Amino acid sequence: MAALGLFTKLICRDEEAMAAYYGAVYGLDVVQRVAGESDGEPYREVILAPGGDWTKGSLVMFNFTARQAPRDQQVILGFTVADLDDLVTRIEANGGRLVGPIRNEPEHGVRVVFSVDPEGALCENVQMLGGH
């Protein structure tokens, strides 16, 4: 079986603002901007990737420009980071907010905090503890 590549598209209202947020908080770089139509619906998207390298997966800020803003939570974005405390600082400095406090879960080998981006999308942020 061939190797599987993964990408995630987050439907948002302001793709440029959300790309700036995820770039500042998670260190993702813009790979490409695309605009067009999908089945007759106009869209714009900003494609982000770690270090601008698509082979590491990508996160796409996707805006159906003729639709209303997304109504309901349809996805939880997950990020594994080296320093959760530093990440929390970046989240808050860039217009995101924490949903609750950082939780230490040594039985699972992690520290975890949930946050929302400026448009309200939920993110689960995980720092692996030593030995995991």
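Our structure's up above, just so we're on the same page.
Parameters at a glance
- Residues numbered from 1 in each chain as written.
- Predicted model: local features only at pLDDT ≥ 70, side-chain atom pairs only at ≥ 80, totals over all residues.
- Heavy atoms only, no water.
- Salt bridge = Lys/Arg side-chain N within 4 Å of Asp/Glu carboxyl O.
- Helix = DSSP H or I, 4+ residues; strand = E, 2+ residues; numbered from the N terminus.
- Buried < 20%, exposed > 50% of the residue type's maximum accessible area, 1.4 Å probe, protein only.
- Pairing = 2+ DSSP bridges.
- Axes fitted to C-alpha atoms, helices over the stretch in contact; angles between N-to-C directions.

**Some words on the pattern of salt bridges**
And step 1. Per the stated rule, a full pass over the model turns up seven salt bridges.
And step 2. Between Arg-44 and Glu-15 there is a salt bridge, and its shortest N-O distance comes to 2.6 Å. Placement of the pair is Arg-44 in strand β3 (residues 41-50) and Glu-15 in helix α1 (residues 15-26), with a sequence separation of 29 residues.
And step 3. The residue Glu-41 makes a salt bridge to Arg-67 at a minimum N-O spacing of 2.8 Å. Of this pair, Glu-41 sits in strand β3 while Arg-67 sits in the loop between β4 (58-64) and β5 (76-80); the two residues are 26 residues apart in sequence, bridging distant segments of the chain.
And step 4. Classification of Glu-41 by relative accessible area gives partly exposed; the value is 27%.

**Let's talk about the sheet that holds strand β1 (residues 7-11)**
And step 1. Judged by pairing direction, the sheet is mixed, and its four strands sit side by side in the order β1-β4-β3-β2 without closing on themselves. Edge strands, defined here as strands with exactly one partner in the open sheet, are β1 and β2 (28-38). For this sheet, the mean angle separating the axes of adjacent strands, direction not counted, is 20°.
And step 2. Of the strand pairs in this sheet, β3 and β4 are connected by six bridges, and their pairing is antiparallel. By the bridge assignment for β4, Leu-48 is matched with Leu-59.

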